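These are the residues of each chain, in order.
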Amino acid sequence: MLSRKFHYSALQENGEKVTGTLDGENKNAVKRSLLQQGLIPQKIWIEFDIEGLSWNENKNFEKIMSSLTNLLDSGLSITASLDYLITHSNKKVKGKSQELKKDLEDGKKFSQSVQKNFPSIDTFYILLLESAEKTGDLLSTLQNISFMIQKNNEFKNNAIAALIYPLFLLIIIGFVIAFIMSFSLPEIIAQLDEEASLPLPTTILIAVYNLQEYILPFLFICIVGVFLMKYLQRINSLKKIFDWILIKLPIISHILFFFIQRSFLQIIAYGLKGGISLEESLKLTNQISRNVYIQNYLQNSEDDINNGLRFADAISALPFLTQEQKFIINIGDESANLSTTFDNLYQRNEKMNERNLKLFNKMIEPFIIILLGLVVLILALGIILPSLELSQGINLV
């Protein structure tokens, strides 16, 4: 069976409520695991069930981390900063800030309190905070976390913005075609001589018009297919097949590697900068993709390092890193300067990604405009040419 991530709330022996996440095959397996830890389960649910809540929780976490960074940088202590958030924030941020302060007053570490109050956030942030508590440099870590969150949001917004305009033009094309097919074309088809030779644009329009009755069933089959594939991926053997297909398809694999490469470089760069060991940073990268084959590649790299292999040699088989990146990492490994190497690689990769997104937007825009022009041309000629022929026929009569 395929392991899945479950959220839980449970009670400790002293009656204190704790929350968190556990991987397990089903709810019963997670329940048994909690009982073995001496916890009394109250509620267990899968991650998908609280997708909206997790999103809100992450936004609250981002807001608190950003605010704490600015307040600590101004000279306030962590408790004074939380007091400010309690007084000047909205209800949700205020509630979380109160919980964080209460945990600190009870003697808990800040990282433990964050993990308790934000169970769905990335484990990477928790490890960064734990490392900061050991070094005593909480401000620098919060600055790194806030910067990471900012860069991730910028990257996501830029990617969405690059797709909005082409999508908008495609929607316009769809509405134009639907309007012509529904109102203008039926009247023209009714007046055409079926045995006469029709212009090519008109023939194309009629062929598309005749396919209308199959569009809704086709869309229905596609929607059912998506949900069916989502369900079948829970079966381990079938998920391996789907994942293998994803990394073999040229365009899909390129997009997949694009996002995985960015996450990999970011985690290693900020992990080393934040004091997390190289082995632990690499272990965290196993969470950047749910693709079984990508996880196997990362797990094999981790195993090779644990067996004494050099880091550069251990990651040499990773398919999402370029040969140039592997060469630079090898130089950094030989010079024992991997922290600076990964930081430079990540910063350069971010700049390149920004340029690629802008280039994609510039390239796709004229392509969509040309496509829109061709559609309008075919629609216009498909309607005008038969009308001209009909008018000439009437004049001849």
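See above for the structure.
Cut-offs used in this document
Residues numbered from 1 in each chain as written. Predicted model: local features only at pLDDT ≥ 70, side-chain atom pairs only at ≥ 80, totals over all residues. Heavy atoms only, no water. Core = buried A, V, L, I, M, F, W, Y, C linked by side-chain atoms within 4.5 Å. Buried < 20%, exposed > 50% of the residue type's maximum accessible area, 1.4 Å probe, protein only. Helix = DSSP H or I, 4+ residues; strand = E, 2+ residues; numbered from the N terminus. 1 Å grid on protein atoms, 1.4 Å probe; cavity = no way out; pocket = protein on both sides within 12 Å on 5 of 7 lines; lining within 4 Å. Points joined across faces, edges and corners; volume = space filled by probe spheres on them. Patch = residues over 30% accessible without salt bridge, like charges linked within 9 Å, V, L, I, M, F, W, Y side chains within 5 Å. Areas by Shrake-Rupley, 256 points an atom, 1.4 Å probe, with all protein chains shown as cover. Salt bridge = Lys/Arg side-chain N within 4 Å of Asp/Glu carboxyl O. Nonpolar A, V, L, I, M, F, W, Y, C, P; charged D, E, K, R; others polar.

1. Points about the nonpolar core
Phase 1: In this structure, Phe-61, Val-114, Phe-264, Phe-311, Phe-320, Ile-329 and Phe-342 are the most contacted members of the largest nonpolar core, which totals 53 residues.
Phase 2: It is helix H11 (residues 250-273) that contributes the most residues to this core, 9 residues altogether.

2. Considering the layout of surface pockets
Phase 1: Of the pockets and cavities examined, the second largest pocket occupies roughly 750 Å³.
Phase 2: Lining the second largest pocket are 26 residues, and of these His-254, Ile-255, Phe-258, Asn-353 and Asn-356 lie nearest its centre.
Phase 3: Only helix H7 (138-191), H11, helix H15 (323-334) and helix H16 (338-396) provide two or more residues apiece to the lining of the second largest pocket.
Phase 4: Looking at the lining of the second largest pocket, the element that brings in the most residues is H16, giving 10 residues.

3. Side note on unusual backbone geometry
Phase 1: Of note, Ala-336 is a non-glycine position whose phi angle comes to about 55 degrees, a positive value.
Phase 2: Note on Ala-336: relative accessible area 70%, which makes it exposed.

4. Comments concerning the environment of Met-229
Phase 1: Within the element layout of this structure, Met-229 appears in helix H9 (residues 212-232).
Phase 2: When its relative accessible area of 40% is taken as the criterion, Met-229 is described as partly exposed.
Phase 3: Separated by 13 residues in sequence, Met-229 and Phe-242 place their C-alpha atoms 8.5 Å apart.

5. Points about a nonpolar patch on the surface
Phase 1: Together, Ile-241, Trp-244, Ile-245, Leu-246, Leu-249 and Ile-252 line one region of the surface with nonpolar side chains, adding up to about 510 Å² of accessible area.
Phase 2: The leading source of residues in the nonpolar patch is helix H10 (residues 236-248), at 4 residues.
Phase 3: Of note, Ile-245 is situated in helix H10.
Phase 4: Judged by relative accessible area, Ile-245 falls into the partly exposed class, the value being 35%.

6. Considerations on empty space enclosed by the protein
Phase 1: This structure, assessed with the given rule, holds 1 cavity of 30 Å³ or more.
Phase 2: The computed volume of the largest cavity comes to approximately 60 Å³.
Phase 3: Every residue lining the largest cavity is listed: Lys-151, Glu-154, Phe-155, Asn-158, Arg-262, Glu-350, Asn-353 and Glu-354.
Phase 4: When contributions to the lining of the largest cavity are tallied by element, the ones reaching two or more residues are H7 and H16.
Phase 5: Here the element with the most residues in the lining of the largest cavity is H7; it accounts for 4 residues.
Phase 6: In terms of residue class, the lining of the largest cavity is made up of 1 nonpolar, 2 polar and 5 charged.

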